[in-house]
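# Chain and residue survey
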Amino acid sequence: MLTLYSLLLLEANTLDENGITSLPVLTEHALSNNQQMASNNRYTLTIFMLLILFLLSILLISKRSLEPSLSLYRSFFSQAHVALNSPADSAETPTESRQSNISVSEVFVEEDKETPVAQNESFVDNHNNNKNNNGDVSFERVNGACDLYMGSWVKDEGYPVYRPGSCPYVDGAFDCQMNGRRDSSYLRWRWKPDGCDLPRFNATDFLERLRGKRLMLVGDSMNRNQFESLLCLLREGLTNKSRMYEIYGHKITKGRGYYVFTFLDYNCTVEFVRSHFLVKEGVRINGQGDSNPTLSVDQIDKTANKWKRADILVFNTGHWWVHGKTARGKNYFKEGDYLYPKFDAVEAYRRALKTWGKWIDDNIKPSKQLVFYRGYSSAHFRGGDWDSGGSCNGETEPIFSGPFLDSYPLKMKIVEEVIQEMRNPVILLNVTRLTNYRKDGHPSIYGQNVTDGKKISRRRQDCSHWCLPGVPDAWNELIYATLVFKQTVSIQRLQVCNRVSAIANTNNLCLWILVVVGS
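What counts and what doesn't
- Every chain is numbered independently, its residues counted from 1 as its sequence is written.
- Since the coordinates come from a predicted model, pLDDT governs what is reported: local features require at least 70, and pairs of side-chain atoms require 80 or more to be given and counted, while whole-chain, interface and lining totals use all residues.
- Hydrogens are left out, water is left out, and the side-chain values use all remaining heavy atoms of the structure.
- Only DSSP runs of H or I covering at least 4 residues are called helices, and only runs of E covering at least 2 are called strands; the numbering of each starts at the N terminus.
- The rule is simple: take the accessible area with a 1.4 Å probe, protein chains only, and divide by the maximum for that residue type; under 20% is buried, over 50% is exposed, in between is partly exposed.
- Contacts are assigned to residue pairs that have any heavy atoms within 4.5 Å of one another.
- What makes a nonpolar core is a set of buried Ala, Val, Leu, Ile, Met, Phe, Trp, Tyr and Cys residues whose side-chain atoms join them at distances within 4.5 Å.
- By convention, a stacked pair of Phe, Tyr or Trp rings (six-membered ring in the case of Trp) has centres within 6.5 Å and planes under 30 degrees apart, an edge-to-face pair has planes over 60 apart, and any other such pair is tilted.
- Only Lys NZ and Arg CZ are tested; either one counts as a charge over a ring when it is within 6 Å of the ring centre and within 35 degrees of the ring normal.
- Every case where a carboxyl oxygen of Asp or Glu lies within 4 Å of a side-chain nitrogen of Lys or Arg is listed as a salt bridge.

### Details of unusual backbone geometry
For the bond from Y159 to P160, the omega torsion is 0°, close enough to zero to count as cis. L468 connects to P469 through a cis peptide bond whose omega is -5°. The backbone phi angle of N267 is positive, close to 50°, even though this residue is not glycine. With respect to the helices, strands and loops of the structure, N267 is situated in the loop between β11 (258-263) and β12 (268-274). A positive phi is found at N331, a non-glycine position, where the angle reads about 50°. Its location among the elements puts N331 in the loop between α6 (324-328) and β16 (333-335). Among the residues examined, N331 registers a relative accessible area of 34% and is labelled partly exposed.

Shown next, in the form of structure tokens:
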């Protein structure tokens, strides 16, 4: 912008007091014509420059607002406050409120083992089809901004999107109905933000938006839970289900850490990469010759080379940070070659996230790649922890009121701080509060098959992962809503730019600004 102002100033300084540059002696008539032409040129140039400055100031308010391709969907959601439209006729059925006396703590179930570990509570583009099966999915503001992550669950008989038992990609530990769970009301809830509605999930539309791209989920078993949900949701958009498969022929299990599913008709892939901490896990040899695990909080995970190849990335970490050795922090955390004899797990978490954030800033191209960070999902144990009789078996309804609905873990505050300090935009899928409600959505004893009279231990229940169909479907609906909304906002900005350009009679002005801003 300073360069443009300098040009105007330079031109003004080259003119004499009569408004023309020094020229040979001209006839009075020619001098009059030159004065008129100089005046007209000055006027045209000034208007043109001011118009460009005006458009640039508008378009640069939202950073990277005109970047090509995936940037159509970018950083407007950084704090999850968006302007959406509330449908005139809502199909939701309000639910009755009741007080829950459940005691909830954040815990996790280890991905590579059957035994969960108790938690430390200090961690308290060009796509033009905007229609789905239920009509228009575009958004407009109603009464101010709408926070997608503040809302409630409403009954919806149109749910779930896919039938229990119909998707072959659900891990047995999440397939609650097939494992013998008989109640089904937990399947009928839809997340509704206050003051607006999410678009109905449209698998075909989502796949069109993924055409030619790679979507990758990176994280722990919670992200694998979400990964399986996304595969099942997108599968509903395929007429020929055989046109989707895992390229290496692998069946999804908790033991494997890398999957690539291709959708042949859309030339796209949906992938999962296991990374419990997003930073480098290692081993050391102690004085007795035994190997002990270590975690280098200043080095990115060894799988990061795979991350670079994705167009859309969805990260998470959190549950493994309360693993026994991680929470204790004794002879475990490393920086450089130094092994800390004792180090605080919360501070280690902060440093690890900053390492991840620096990697994103140094390696991700915002004009070509889109990054999500999916927030911490709540666990619900009643009467103890995972190994002391804690349970969620028998829960058939969400929590509707009580202080737990407003609980927000420290780790999420750290995530917000790190994202705010990053150069590159990251969209925070802040699902923590919406999962606070759903004590009814966990596998509990139905992480194993209890049919045919099989005897199952009720002392070890999974109250951290989620049944599928179930809560993770809503997380993927929020990703879909983000993509739809980002395209809508960008189109609206481009329309404004084109209207201003038409008024100024300057052809391709918006395209010129797009090239300048994109460079």
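On we go.
### Overview of the environment of Y159
Inspection of the secondary structure assignment puts Y159 in the loop between β7 (151-155) and β8 (189-193). When the C-alpha positions of Y159 and R190 are compared, they lie 7.3 Å apart, and in sequence the two are 31 residues distant. The residues touching Y159, leaving out its near neighbours within four places in the chain, are L187, R188, W189, R190, R200 and E477.

### A closer look at the nonpolar core
Membership of the largest hydrophobic core comes to 59 residues, with the highest contact counts inside it found for F206, F227, L231, L234, F263 and V270. The dominant element in this core, judged by the number of residues it contributes, is helix α10 (residues 471-503), at nine residues. In this structure, L278, W307, Y340 and V415 belong to the second largest nonpolar core, which totals 42 residues.

### A word on the packing of aromatic side chains
Within this structure, the stated rule accounts for 23 aromatic pairs. Plain terms: the ring middles of W321 and Y349 are 5.3 Å apart, the flat faces sit at 85° to each other, and that makes the pair edge-to-face. Of this pair, W321 sits in the loop between β15 (312-315) and α6 while Y349 sits in helix α7 (residues 345-363), and the two are 28 residues apart along the sequence. Each member of the pair, W321 together with Y349, is buried. When the centroid spacing of 5.0 Å and the interplanar angle of 85° are considered together, the rings of Y338 and Y340 count as edge-to-face. Taking relative accessible area as the criterion, Y340 reaches 18% and is therefore assigned buried. Chaining the aromatic ring pairs together yields one cluster made of F277, W320, W321, Y332, F333, Y338, Y340, F343 and Y349. Taking the ring centre of W153 as reference, the NZ or CZ of R438 above it sits at 4.6 Å.

### Side note on the pattern of salt bridges
A complete count under the given rule lists 19 salt bridges for this structure. Of the charged contacts in the structure, one is a salt bridge between E395 and R382, with a shortest N-O distance of 2.4 Å. Of this pair, E395 sits in the loop between β18 (370-374) and α8 (410-421) while R382 is found in the loop between β18 and α8, placing the two residues 13 residues apart along the sequence. One continuous salt-bridge network, built from bridges that share partners, spans E335, E347, R350, R351 and E417.

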